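Overview (structure and organization)
So you can see what is in the structure, the chains are spelled out below.
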Amino acid sequence: MRRTRGTRRAITALAIAAAAAMAAPGVVSAEPIPAVPAIPQDVPIDALASLAPAILGAAAGPMDIAEGPQAALVEQLKLLQQSPALPEQLKSTLDRIIKFLDGSGGGGPEIPPSDGPVISQFLYPTIGRGCISDTADSVGTALAVAGPAKLPPPGPAAGQAGFVFTALGTKTVADTQGDKLTVTWLNIDNRKTLTQPLTNASKINPDGPATLSAIADTGPGRVLAVVSGSLTTQAADAAPRTCTFLPTVGMFSVA
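Please read all numbers here as calculations on a predicted model, not as lab measurements.

A separate point is the overall build of the chain. Assigned secondary structure in the chain consists of five helices and 11 strands. Looking at the 255 residues of the chain, the share that counts as buried comes to 45%. Taking all contacts inside the chain whose residues are at least 6 apart in sequence as the whole, residues at least 24 apart take part in 69%. When the accessible surface of the chain is summed, it comes to about 12,300 Å², and 56% of that surface belongs to carbon and sulfur atoms.

Within this structure, the stated rule accounts for one disulfide. Paired through a disulfide, cysteine 131 and cysteine 243 show a sulfur-sulfur distance of 1.9 Å. Here cysteine 243 lies in strand E11 (residues 241-254) and cysteine 131 lies in strand E3 (residues 126-133), a separation of 112 residues in the sequence. Here cysteine 131 falls in the buried class, since its relative accessible area comes to 1%.

Counting residues in each nonpolar core, the largest one holds 25 residues, and the members touching the most others are Phe163, Phe165, Leu198, Val227 and Leu231. Mapped by element, the contributors of at least two residues to this core are strand E4 (136-146), strand E5 (161-167), strand E7 (181-187), strand E9 (210-216), strand E10 (221-234) and E11. The next biggest cluster of nonpolar side chains, apart from the first, holds 12 residues, and it includes Leu56, Leu186, Val249 and Met251.

Once that is clear, we can look at the pairing of strand E8 (residues 193-197). Taken together, the five bridges between E7 and E8 define a ladder with antiparallel strand orientation. Within E8, the position partnered with tryptophan 185 by the bridge is leucine 194. Taken together, E7 and the strand that follows it, E8, pair antiparallel across an intervening segment of five residues, in which arginine 191 is found at a positive phi of about 70°.

This part covers unusual backbone geometry. Trans is the common state for peptide bonds, and a negative phi is the common state for residues other than glycine. The omega torsion across glycine 147 and proline 148 is 0°, close enough to zero to call that bond cis. Following the sequence through the fold, proline 148 ends up in the loop between E4 and E5. You will see that arginine 191, though not glycine, has its phi angle at about 70°, which is positive. Looking at the secondary structure, you find arginine 191 in the loop between E7 and E8. On the accessibility criterion, arginine 191 (24% relative accessible area) is partly exposed. Positioned with a positive phi, lysine 203 is a non-glycine residue whose angle comes to about 55°. Examined against the element boundaries, lysine 203 turns out to sit in the loop between E8 and E9. Overall, lysine 203 belongs to the exposed group, its relative accessible area being 54%.

A separate point is the pattern of salt bridges. Scanning all chains against the criterion turns up three salt bridges. Aspartate 137 is paired through a salt bridge with arginine 129; the nearest N and O atoms lie 3.4 Å apart. Residue arginine 129 is classed as partly exposed on the basis of its relative accessible area of 45%. Across the pair arginine 241 and aspartate 134 runs a salt bridge, and its minimum N-O distance is 3.1 Å. Placement of the pair is arginine 241 in strand E11 and aspartate 134 in the loop between E3 and E4, with a sequence separation of 107 residues. Taking relative accessible area as the criterion, aspartate 134 reaches 69% and is therefore assigned exposed.

All right, on to the pairing of E5 then. For a regular strand, the rule is simple: side chains alternate between the two faces of the sheet. With seven of seven residues buried, E5 lies mostly within the body of the structure. Because side chains alternate across E5, one face comprises the buried residues Ala161, Phe163, Phe165 and Ala167, and the other comprises Gly162, Val164 and Thr166, equally buried. Where E4 lies against E5, seven bridges are found, and the strand directions are antiparallel. Its bridge partner lying in E5, leucine 143 is registered against valine 164. Where E5 and E9 come together, seven bridges link them in antiparallel fashion. The residue of E9 that forms the bridge with threonine 166 is threonine 211.

The rules behind the values
- Residues numbered from 1 in each chain as written.
- Predicted model: local features only at pLDDT ≥ 70, side-chain atom pairs only at ≥ 80, totals over all residues.
- Heavy atoms only, no water.
- Helix = DSSP H or I, 4+ residues; strand = E, 2+ residues; numbered from the N terminus.
- Buried < 20%, exposed > 50% of the residue type's maximum accessible area, 1.4 Å probe, protein only.
- Contact = heavy atoms within 4.5 Å.
- Areas by Shrake-Rupley, 256 points an atom, 1.4 Å probe, with all protein chains shown as cover.
- Disulfide = S-S within 2.5 Å.
- Core = buried A, V, L, I, M, F, W, Y, C linked by side-chain atoms within 4.5 Å.
- Pairing = 2+ DSSP bridges.
- Salt bridge = Lys/Arg side-chain N within 4 Å of Asp/Glu carboxyl O.

Shown next as structure tokens:
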């Protein structure tokens, strides 16, 4: 059966909502050391990851929400929200995504009061095939920290965001990286966008697990981001091991 553009957007919208509903709480306030997430066997991580470019592509449409891909995506979300079969948690998640995309209410999870940095977990954990050994995969977690904050070092300033990616269960990051792990981000409000590498410059978790980070000049506004690519780890007395992580999507706001 041939899929129309509208059908693809509907699938994308539902995948975003399902991913957000399955993820751990979207925003916490603590140091950026993510706990090991549980990934149920029936969660279609590969399918969700394949939709990441479509999500970013829809958001990259015209700035005016009344026109272009964003408007169509929001309309599909609203239609899905009206389905009586959807659980309340999923409807609530759809509402947050709609508000995030159209700017009507900020969107995103509620931020608990705290003096620590506000950490936005990406919508779902990802998988690095064969990242620990030939028969063991790594769960990858990505998060964003809106500035001003002290983490990740040297700390994002106001109008900036810090990104941290951790490959759980792996050894230390190798000095030489082959294919880069990157973050592609898009500020929906000011239309700034960039793809930049995540690096080991901040020396987070020097003894492992492998952790890479970057600081981005996003400017204030609502930001969508996709982390994907490869990283190389180096265990003592062993050859370097390079593995590729499936894309994962994050959304947050920068002041």
